[in-house]
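# Observations on the three-dimensional arrangement
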Amino acid sequence: MSKIPLQFRHNGRDVAIFVEGGTNLLVALRELIGDMTPKFGCGQGGCGTCSVLVDGELHLSCLTLAETVAGRSIETLDGMKQGPNLHPLQRAFADHFAAQCGYCTPGMLMAAKALLNRNPSPSRDEVVEAISGNICRCTGYEPIINAILAAAGGRVSA
Amino acid sequence: MAVTVKTFTSASEAAGALSSDRSARYLGGGTLVMRALNEGDVSISTVVRAQDQALTRIDASGPRITLGAGVTFARILAERDLAFLHAPARSIGGPAVRNMGTVGGNLFAPTPYGDFTVALLALDATVAVQGGFGARDIPIEEFLQARDRQAGTLVLSVSCTRPGSAETFRYRKIARIKPKGGSVITLAAYLPISGGRIAGARIALGSMAPTQIRARAAERALEGRSLDAATIAAAASAATEGTSPSDNALGSAWYRREIVGVHLRRLLSGQD
């Protein structure tokens, strides 16, 4: 079966790849572009660790047909750090022990970024709602919620 | 296994491709079809898409509203004129699923999913579909009863009449996991009251049968009466009639039968 050419923006950079029909965006990012930050968790839309931003909107890359992002802008955790410095959200996650095993962290950070992009000072309930599609089996969520609130409030050592 | 992806600019071309190929599935938001592909569902060999703007149109200005099949739950939540649908839209998934999942796809979501469809069933929505035979409108209840045979048709839109007031339309999803989890049961009620009496009540239930169903016995218990404690008790005790829930990881069939009357009573009496 012939492969399909696909172009899109990946963390501000134009990329061009060939995908097989039915390839999901997560596989395209990890195996064809080499961006290993979005993780494969469940493949069903239940865990959120594959979360990326598509034109600024939070999407699950494992449930996104790669072809549907042609010409669109994809942001992953790989594009979050600012040069040598961690993004304030990443700094807050470190300061507040919000990453334990770390597997959910890429998705949590992208969900948090999607929230703060449209709501820079969220309430605690809004943070809980924003990460409600992301499962963490280590932390009990409290450190993650506190980290996101700290990043939003600017209470992070940059 | 690689599948063939066919992308069309118009919904009618996509409908034609869908109706002529038994192994074709229509890709909306991806939360059902991509999930099936990720699980290795070999029954799908063709994925059909349509980039037709008509599929993502919202008409919410008048007394009758129409939602294109490709309208996402996030867009419903952003629409102030659709406030009566915000509770069911908000009850679905996390933000990413609401950014992707669509009204049309929800009609096909198997138990325990399909919560938005429970709301549409209580609102007695009409489903506009296009198949090889052309376009037609189907009452949602009829659509759901024949859902297994709808695979070759493309849903274009759903429409329903806006409820008169917030009290007229009520929705409740019971989940064990907070803030978000799959439905144990889902209930929606349309309760128009005229001259102090209920006229034309509709109760819809999710996860109480293989598809979303109307609770006809409970509706009969409400019809023509005032919404008092005795009426509510009669409706609640009739809630299990005609249901056939099954066991799954979120709850047993027995448990669902036990709680459906309790939650219907709370919904009708306006309790949280």
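Residues numbered from 1 in each chain as written. Chains lettered and ligands numbered in written order. Predicted model: local features only at pLDDT ≥ 70, side-chain atom pairs only at ≥ 80, totals over all residues.

Turning next to helix α5 (residues 142-152) of chain A. Residues and elements named next belong to chain A. Among the eleven residues that make up α5, eight are buried, leaving the element largely enclosed by the rest of the structure. Inspection of α5 places I144, I145, N146, A147, I148, A150, A151 and A152 among the buried residues, and these make up the whole buried set. At its buried positions, α5 is contacted by α2 (88-95), α3 (105-118) and α4 (124-130). Looking one or two residues beyond α5, the residue adopting positive phi is G154, at roughly 75 degrees. (Buried ≥ 20, exposed ≤ 12 C-beta atoms within 10 Å, placed from the backbone. Helix = DSSP H or I, 4+ residues; strand = E, 2+ residues; numbered from the N terminus. Contact = placed C-beta atoms within 7 Å.)

What follows is about the pairing of strand β10 (residues 183-190) of chain B. Residue and element names in this part refer to chain B. Of all eight residues making up β10, eight are buried, and the element is well covered by its neighbours. Direction of pairing for strand β9 (residues 169-175) relative to β10: antiparallel, over a ladder of seven bridges. Across the sheet, A175 pairs through a bridge with S183, a residue of β10. Across five bridges, the pairing between β10 and strand β13 (residues 202-206) is antiparallel. Opposite A188, over in β13, you have A204 as the bridge partner. (Pairing = 2+ DSSP bridges.)

A122(B), L205(B), A235(B) and L264(B) are the most contacted members of the largest nonpolar core, which has 128 residues in total. The contact partners of L264(B), leaving out residues within four places of it in the chain, are L187(B), I203(B), A218(B), A235(B), A236(B) and A239(B). (Core = buried A, V, L, I, M, F, W, Y, C linked by C-beta atoms within 7 Å.)

Taken residue by residue, the interface counts 22 residues in chain B and 27 residues in chain A. Where the side of chain B that touches chain A is concerned, the elements lending two or more residues are β1 (4-8), α2 (33-38) and α5 (95-100) of chain B. The dominant element in the side of chain B that touches chain A, judged by the number of residues it contributes, is α5(B), at five residues. By residue class, the composition of the side of chain B that touches chain A is twelve nonpolar, seven polar and three charged. (Nonpolar A, V, L, I, M, F, W, Y, C, P; charged D, E, K, R; others polar.)

Now for the domain arrangement of chain A. Residues and elements named next belong to chain A. When cut into domains, chain A gives domain 1 (3-79) and domain 2 (88-153). The C-alpha-based centres of domain 1 and domain 2 are spaced at 21 Å. Counting from both sides, the interface comprises 13 residues of domain 1 and, opposite them, twelve residues of domain 2. Here the element with the most residues in the side of domain 1 that touches domain 2 is strand β3 (residues 51-54); it accounts for three residues. For the side of domain 1 that touches domain 2, the class distribution of residues is seven nonpolar, five polar and one charged. (Domains from an automatic or database assignment.)

Residues and elements named next belong to chain B. If you walk across this open sheet you meet the four strands as β9-β10-β13-β14, and the pairing is antiparallel. Bordering the open sheet on either side are β9 and β14 (213-214), each of which pairs with just one other strand. Across two bridges, the pairing between β13 and β14 is antiparallel. Counted as the bridge partner of L205 is I213 from β14. Of the strands in this sheet, β9, β10, β13 and β14 are in contact with helix α7 (residues 115-122), which crosses β10 at around 25 degrees. Packed onto the sheet, helix α11 (residues 253-268) meets β9, β10 and β13 and runs at close to 35 degrees relative to β10. (Axes fitted to C-alpha atoms, helices over the stretch in contact; angles between N-to-C directions.)

This part takes up the pairing of strand β4 (residues 57-60) of chain A. All names here are of chain A. Summarising the sheet, β3 and β4 pair through four bridges and their orientation is antiparallel. Paired with S51 across the two strands is L60, which belongs to β4. Taking the residues that link successive antiparallel strands as the turn, the β3-β4 hairpin has two residues, and the phi of D55 there is positive, at about 50 degrees.

Another aspect to go through is the packing of helix α10 (residues 229-237) of chain B against α11(B). All names here are of chain B. Where α10 contacts α11, the two axes come as close as 8 Å, and the packing angle between them is 150 degrees. By the angle between their directions, the pair α10 and α11 is classed as roughly antiparallel. Between α10 and α11 lies a crossing of right-handed hand. Counting all contacts with α10, which are made through I232, A233, A235, A236 and S237, the residues of α11 involved are G261, L264, R265 and L268. (Parallel < 35°, antiparallel > 145°, perpendicular 65-115°, else oblique. Left-handed = near helix turned anticlockwise from the far one by under 90°.)

Attention shifts here to the domain arrangement of chain B. Residues and elements named next belong to chain B. By the assigned domains, chain B splits into domain 1 (2-48), domain 2 (51-159) and domain 3 (167-267). Taken over C-alpha atoms, the centre of domain 2 sits 21 Å from the centre of domain 3. Residue-level contacts link 20 residues of domain 2 with 22 residues of domain 3. Secondary structure elements with two or more residues in the side of domain 2 that touches domain 3: α4 (86-90), α7 and α8 (140-145).

Time to look at unusual backbone geometry. Cis peptide bonds are those with omega within 30 degrees of zero, and the linkage from T111(B) to P112(B) qualifies with 10 degrees. Take P112(B): it is sitting in the loop between α6 (103-106) and α7. For F97(A), which is not glycine, the phi dihedral falls at a positive 55 degrees. Using a count of 14 C-beta atoms within 10 Å as the deciding quantity, one classes F97(A) as partly exposed. Phi at S207(B) is positive, roughly 65 degrees, even though this residue is not glycine. The topology assignment puts S207(B) in the loop between β13 and β14. For S207(B), a count of 29 C-beta atoms within 10 Å gives the class buried.

Let's shift gears to the sheet that holds strand β2 (residues 13-19) of chain A. All names here are of chain A. With respect to topology, five strands assemble into an open sheet ordered β2-β1-β5-β3-β4, the strand pairing being mixed. The strands lining the two open edges of the sheet, one partner per strand, are β2 and β4. Geometrically, the sheet is characterised by an average inter-axis angle of 40 degrees between neighbouring strands, direction not taken into account. Here two bridges tie β3 to strand β5 (residues 73-75), and the two strands are oriented antiparallel to one another. Bridge pairing in β5 places V54 opposite I74. Packed on one face of the sheet, α3 meets β3 and β4 and runs near 35 degrees to β3.

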